[in-house]
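Secondary and tertiary structure notes
Each chain, written out:
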Amino acid sequence: QTYFAAVLAERIIENFEKISDAKTRLENVSLEGSSVTTNEIVLGVTFLQEVNQQIPSWHKKTTELGESEKLLKRQRHAFRSDWMEASLVGGQLQQVEQLLAKRMR
């Protein structure tokens, strides 16, 4: 159980960081303005498309992380004090989806 929790903690942090990175990059993508080059616009649109394609797999992983965490809670596992809740990953994913929806308009 402890090994499973350790692996789960790693996966939660990995996914949180991956989604947070995508969120930060989405916030910085500029698709309009006089100072934006054509190359930057193309790279921005390509990134938007990549993130849009990743969303379903991120949803699946986030659900799996949440279910795994629930399993540990049902078994009354004592989580470490620095445990990152799987729901934080879901929250980041929702923020990415909101940003993506704004950028895709």
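Scroll up to find the structure this text is about.
Residues numbered from 1 in each chain as written. Predicted model: local features only at pLDDT ≥ 70, side-chain atom pairs only at ≥ 80, totals over all residues. Heavy atoms only, no water.

Structural notes on the packing of aromatic side chains
Here is the rule we go by: Here is the rule: rings of Phe, Tyr and Trp (six-membered ring for Trp) pair when centre to centre is within 6.5 Å. Planes less than 30 degrees apart are stacked, more than 60 are edge-to-face, and the remainder are tilted. For the exposure calls, accessible area comes from a 1.4 Å probe over protein chains only, and a residue counts as buried if that area is under 20% of its type's maximum, exposed if over 50%, partly exposed in between.
With the rule as written, the count across this model stands at one aromatic pair. Pairing Phe79 with Trp83 gives two aromatic rings, centres 4.6 Å apart and planes at 50 degrees, and the pair type is tilted. Here Trp83 falls in the buried class, since its relative accessible area comes to 13%.

Focus: the layout of surface pockets
The criterion, for reference: Grid spacing is 1 Å over the protein atoms alone, the probe is 1.4 Å, and a cavity is where that probe fits but cannot get out, while a pocket is an open set with protein on both sides within 12 Å along at least five of seven lines and lining residues have an atom within 4 Å of a point. Grid points are joined across faces, edges and corners, and a volume is the space filled by probe spheres set on the points. Secondary structure elements are taken from DSSP: a helix is a run of H or I of four residues or more, a strand is a run of E of two residues or more, and numbering for both begins at the N terminus. Classes in brief: Ala, Val, Leu, Ile, Met, Phe, Trp, Tyr, Cys and Pro nonpolar; Asp, Glu, Lys and Arg charged; the others, Gly included, polar.
The volume enclosed by the largest pocket comes to roughly 180 Å³. In terms of lining residues, the largest pocket is bounded by Arg25, Asn28, Val29, Ser30, Glu40, Leu43, Gly44 and Phe47. Mapped onto the lining of the largest pocket, the elements with two or more residues apiece are helix 1 (2–28) and helix 2 (38–74). Looking at the lining of the largest pocket element by element, the count peaks at four residues for helix 2. For the lining of the largest pocket, the per-class residue count stands at three nonpolar, three polar and two charged.

Observations regarding the packing of helix 2 against helix 3 (residues 86–104)
Note the cut-off: Only the stretch in contact is used when a helix axis is fitted, and all axes are lines through C-alpha atoms; the angle between N-to-C directions ranges over 0 to 180 degrees. Angular relationships are summarised with four words: roughly parallel below 35 degrees, roughly antiparallel beyond 145, roughly perpendicular across 65 to 115, and oblique for the angles in between. When the near helix sits turned anticlockwise from the far one by under a right angle, the crossing is termed left-handed; a clockwise turn instead gives a right-handed crossing. Should any heavy atoms of two residues lie within 4.5 Å, those residues are considered in contact.
At a minimum axis separation of 9 Å, helix 2 and helix 3 run at an interaxial angle of 160 degrees. By the angle between their axes, helix 2 is roughly antiparallel relative to helix 3. Relative to helix 3, the crossing made by helix 2 is left-handed. For the pair formed by helix 2 and helix 3, the contact residues are Leu48, Val51, Asn52, Ile55, Trp58, His59, Thr62, Leu65, Gly66 and Glu69 on the first element and Ala86, Val89, Gly90, Leu93, Val96, Glu97, Leu100, Arg103 and Met104 on the second. Taken together, the residues of the contact of helix 2 with helix 3 break down into eleven nonpolar, five polar and three charged.

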